[in-house]
Amino acid sequence: MMHSVPKTMTAVLLTGHGGLEKLVYSRDVPVPAPAAGEVLIKVTACGMNNTDVWVREGAYGTEDDPSAVSTWRRHGNTLTFPRIQGTDTVGHIVAVGEGVDRARIGERVMVDFSIYNRDDDSLADIDYMGHGRDGGYAEYMALPAENAHVVATDLTDVELATFCCAYLTGERMLERARLATGETVLVTGASGGVGSAIVQLARARGAVPIAVAGPGKEAAMLDIGAQAVVTRGQGDLAEAVEAASGGRPIDVVADLVGGPLFNDLLKILRPEGRYTTAGAIAGPVVQLDLRTMYLKQLELHGSSQGSRADFRRLVRYIEERKIRPLVGGVYPLSEFHRAQTDFMAKNFVGKLVVVPD
């Protein structure tokens, strides 16, 4: 049952693939009712991610045509329009559906945005809230009760909204690459949401992160735990990494950039090193010399989102203060176009967060 919840709400609707004009701010969107096994939260903050932009643009291509307008899932599209995007949602439970304990009303929760579609740990059929169902760029959001997690922390709602998608993605990347205590990981795109998360998550594992970041962001990277910083675009990358690492072998490359850097990153890896990626902001289509891969016995891992176990580990890191939030800016929902414009400009470190008006 729902109590003291309005019938309509403000939300940002994605109305199709395209430019910012496809994002429509509306004040009369129906408030969803929680179905059986679900809760309704009043949203207090929602972090912004690259996936929001790429889904809007239809920038994922297909296996047959990398330039095709296509959405996030390779097999079985679940995106319909209009859709409310937004994954990194924090809010307070205000109503529950049938079968959910009413004592949960009032809880502050962080949303595990993943739609797993399976009972095991496989991510083969994974989807997410903001794509397969509505997300958090709204005043209210309905979701399965099992995805609404209380986190024992005194962080603010805005701070808590910086973690989920970026840190879950980063943790899955490191888990797949088996990054271990004492190993060295090179992190590209380190000033972004996922990159800055990986720097901290590597430290939480007892590993040594070396960051690759744009000019002017070196101090911020050192502040969050990077052992050293390589400034992107200045000189030979392999030489710069060797100098930054003090000659330590690079055990893992956690790459979010792709593009022309790809082959250099494989050359930088030690024999039997591991490469893991969850993004390609400099270009998704790369050249691969298979001889580099097989003669050096390299492992290449593609990764996206994370498992339930990855999420539980993330919550533990937050509660144990092993990772900290990086708020790059806060915007009201009514200024969503400005927020996404600033997000695409990448002139910040960490995450941008949207809050209800």
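Before any of the text, the structure's been laid out above.
Within every chain, residues take consecutive numbers counted from 1 along the sequence as written. Where local features are concerned, this predicted model is filtered to residues with pLDDT of at least 70; where side-chain atom pairs are given and counted, the filter is 80 or more; whole-chain, interface and lining totals use all residues. Neither water nor hydrogens contribute to the side-chain values; these are computed over all heavy atoms in the structure.

Enquirer: Outline the packing of aromatic side chains, supporting the account with residue identities and numerical values.
Expert: Ring pairs (aromatic) are described by centroid distance and by the angle formed between their planes. Here is the rule: rings of Phe, Tyr and Trp (six-membered ring for Trp) pair when centre to centre is within 6.5 Å. Planes less than 30 degrees apart are stacked, more than 60 are edge-to-face, and the remainder are tilted. All chains considered together, the criterion is met by seven aromatic pairs. On the numbers, 6.5 Å between centres and 80° between planes, the contact of Phe113 with Tyr128 is edge-to-face. A residue pair is termed long-range when its members are at least 10 positions apart, and Phe113 in the loop between β5 (108–111) and β6 (114–115) and Tyr128 in strand β7 (residues 127–128) qualify at 15 residues. A simple rule labels every residue: compare its accessible area, found with a 1.4 Å probe on the protein chains alone, to the largest value its type can have, and call it buried under 20%, exposed over 50%, or partly exposed in between. Take Phe113: its relative accessible area is 1%, and that puts it in the buried class. Note on Tyr137 and Phe336: the rings are 4.6 Å apart at their centroids and 70° apart in plane angle, and the pair reads as edge-to-face. Of this pair, Tyr137 sits in the loop between β7 and β8 (140–144) while Phe336 sits in helix α10 (residues 336–345); the two residues are 199 residues apart in sequence, bridging distant segments of the chain. Phe336 matches Tyr137 in its accessibility class, with the two residues each being buried. Aromatic ring contacts, followed pair by pair, group Trp72, Phe113 and Tyr128 into a single cluster. Over the aromatic face of Tyr116 sits the side chain of Arg308, whose NZ or CZ is 4.2 Å from the ring centroid. Here, over-ring charges are defined by two tests on the NZ atom of lysine or the CZ atom of arginine: distance to the ring centre within 6 Å, and angle to the ring normal within 35 degrees. Sitting above the plane of the Phe343 ring, Lys346 keeps its charged end 3.8 Å from the centroid. Each helix is a run of DSSP H or I of at least 4 residues and each strand a run of E of at least 2, with the numbering of both proceeding from the N terminus.

Enquirer: I'd like a rundown of helix α3 (residues 164–176), residues and numbers included.
Expert: Given the number of residues in a helix, its expected span is that number minus one, multiplied by 1.5 Å. Taking 1.5 Å of rise per residue, 13 residues should cover 18 Å, and α3 covers 18 Å from first to last C-alpha, within 8% of that figure. With respect to burial, α3 is a largely interior element, 11 of its 13 residues being buried. In the stretch just after α3, Arg178 is the one whose phi turns positive, near 55°.

Enquirer: Any details on a nonpolar patch on the surface? Residues and values, ideally.
Expert: A grouping of Leu288, Leu290, Tyr294, Leu295 and Leu300 is seen on the molecular surface, where their side chains present a nonpolar patch of about 490 Å² in accessible area. Top contributing element to the nonpolar patch by residue count: helix α8 (residues 290–295), with three residues. Mapping Leu290 onto the fold places it in helix α8. A patch consists of residues whose relative accessible area exceeds 30% and which take part in no salt bridge; residues with like charges are grouped when within 9 Å of each other, and nonpolar side chains (Val, Leu, Ile, Met, Phe, Trp, Tyr) when within 5 Å. What sets the accessible areas is the Shrake-Rupley method with a 1.4 Å probe; for residues, cover comes only from the shown protein chains. For this document, the term salt bridge refers to a Lys or Arg side-chain nitrogen within 4 Å of an Asp or Glu carboxyl oxygen.

Enquirer: Got a sec to walk through the nonpolar core? Specific residues and values, please.
Expert: Grouped together as the largest cluster of nonpolar side chains are 93 residues, with contacts concentrated most on Val39, Ile41, Met110, Tyr137 and Ile318. For this core, the element with the most residues is α3, which contributes seven residues. Excluding its chain neighbours within four sequence positions, the residues that come into contact with Val39 are Pro34, Ile93, Ala95, Val96, Val100, Met141, Ala142, Leu143, Ala145 and Ala148. As used here, the term nonpolar core means buried Ala, Val, Leu, Ile, Met, Phe, Trp, Tyr and Cys residues forming a set that is joined through side-chain atoms within 4.5 Å. One finds Ile210, Val241, Val257 and Leu298 within the second-largest nonpolar core, a separate group that totals 17 residues. Here, two residues are considered to be in contact whenever any of their heavy atoms come within 4.5 Å of each other.

Enquirer: Any details on the environment of Asp157? Residues and values, ideally.
Expert: Along the chain, Asp157 turns up in helix α2 (residues 157–160). There is a polar contact of 2.9 Å between the side chain of Asp157 and the side chain of Thr44. A distance of 3.5 Å separates the side chain of Asp157 from the side chain of His92, its partner in a polar contact. Any N or O atom pair separated by 3.5 Å or less is treated as a polar contact, with the protein-specific requirement of one donor-capable and one acceptor-capable atom, and with residues adjacent in sequence counted only for side-chain atom pairs.

Enquirer: Lay out the environment of Arg178 with the relevant residues and their values.
Expert: Take Arg178: it is sitting in the loop between α3 and β10 (184–187). Linking Arg178 and Phe336, residues 158 residues apart in sequence, is a C-alpha distance of 38 Å. Leaving out residues up to four positions away in the same chain, Arg178 has contacts with Glu183, Arg274, Glu299 and His301. In terms of polar contacts, Arg178 uses its side chain to reach the side chain of Glu299, at 2.9 Å.

Enquirer: Give a description of the sheet that holds strand β15 (residues 299–302) that names residues and reports values.
Expert: The six strands lie next to each other as β12-β11-β10-β13-β14-β15, forming an open sheet whose pairing is parallel. Each end of this open sheet is capped by a strand with a single partner; those strands are β12 (228–231) and β15. Neighbouring strand axes in the sheet, compared pairwise and without regard to direction, differ in orientation by 20° on average. Two strands are counted as paired when DSSP detects at least two bridges linking them. In the sheet, strand β11 (residues 208–213) pairs with β12 via four bridges, with the strands oriented parallel. Bridging across to β12, Ile210 finds its partner in Ala228. With respect to the sheet, helix α4 (residues 193–204) is in contact with β10, β11 and β13 (250–255), its orientation differing from that of β11 by roughly 165°. Angles run from 0 to 180 degrees between N-to-C directions of axes, and those axes are lines fitted to C-alpha atoms, restricted for helices to the stretch in contact.

Enquirer: Describe in detail the packing of α3 against α4, supporting the description with residues and values.
Expert: Direction vectors running N to C along α3 and α4 enclose 55°, while the axes themselves pass 8 Å from each other. Compared by their axis directions, α3 and α4 come out oblique. Every pair of crossing elements has a handedness; the one defined by α3 and α4 is right-handed. Only Gly193, Val194, Ala197, Ile198, Gln200, Leu201 and Ala202 of α4 make contact with α3, whose side of the interface consists of Ala166, Tyr167, Thr169, Gly170, Glu171, Met173 and Leu174. Residue classes in the contact of α3 with α4 are distributed as nine nonpolar, four polar and one charged. We call two directions roughly parallel when the angle between them is under 35 degrees, roughly antiparallel when it is over 145, roughly perpendicular when it lies between 65 and 115, and oblique otherwise. Note: crossing handedness is left-handed where the near helix turns anticlockwise from the far helix by less than a right angle, and right-handed where it turns clockwise. Residues are grouped as follows: Ala, Val, Leu, Ile, Met, Phe, Trp, Tyr, Cys and Pro are nonpolar; Asp, Glu, Lys and Arg are charged; every other residue, Gly included, is polar.

Enquirer: Provide a residue-level description of α4, including the pertinent values.
Expert: For α4, which comprises 12 residues, the first-to-last C-alpha distance of 17 Å matches the rise-based estimate of 16 Å (1.5 Å per residue) to within 8%. Judged by how many residues are buried, α4 sits mostly within the fold: 10 of 12 residues are covered. What α4 keeps buried is the set Gly193, Val194, Gly195, Ser196, Ala197, Ile198, Val199, Gln200, Leu201 and Ala202. On its buried face, α4 is in contact with α3, β10, β11, β13, α9 (308–319) and β17 (351–355). Immediately beyond the C-terminal end of α4, within one or two residues, lies Gly206, with a positive phi of roughly 80°.

Taken by themselves, the reported measurements are silent on function.
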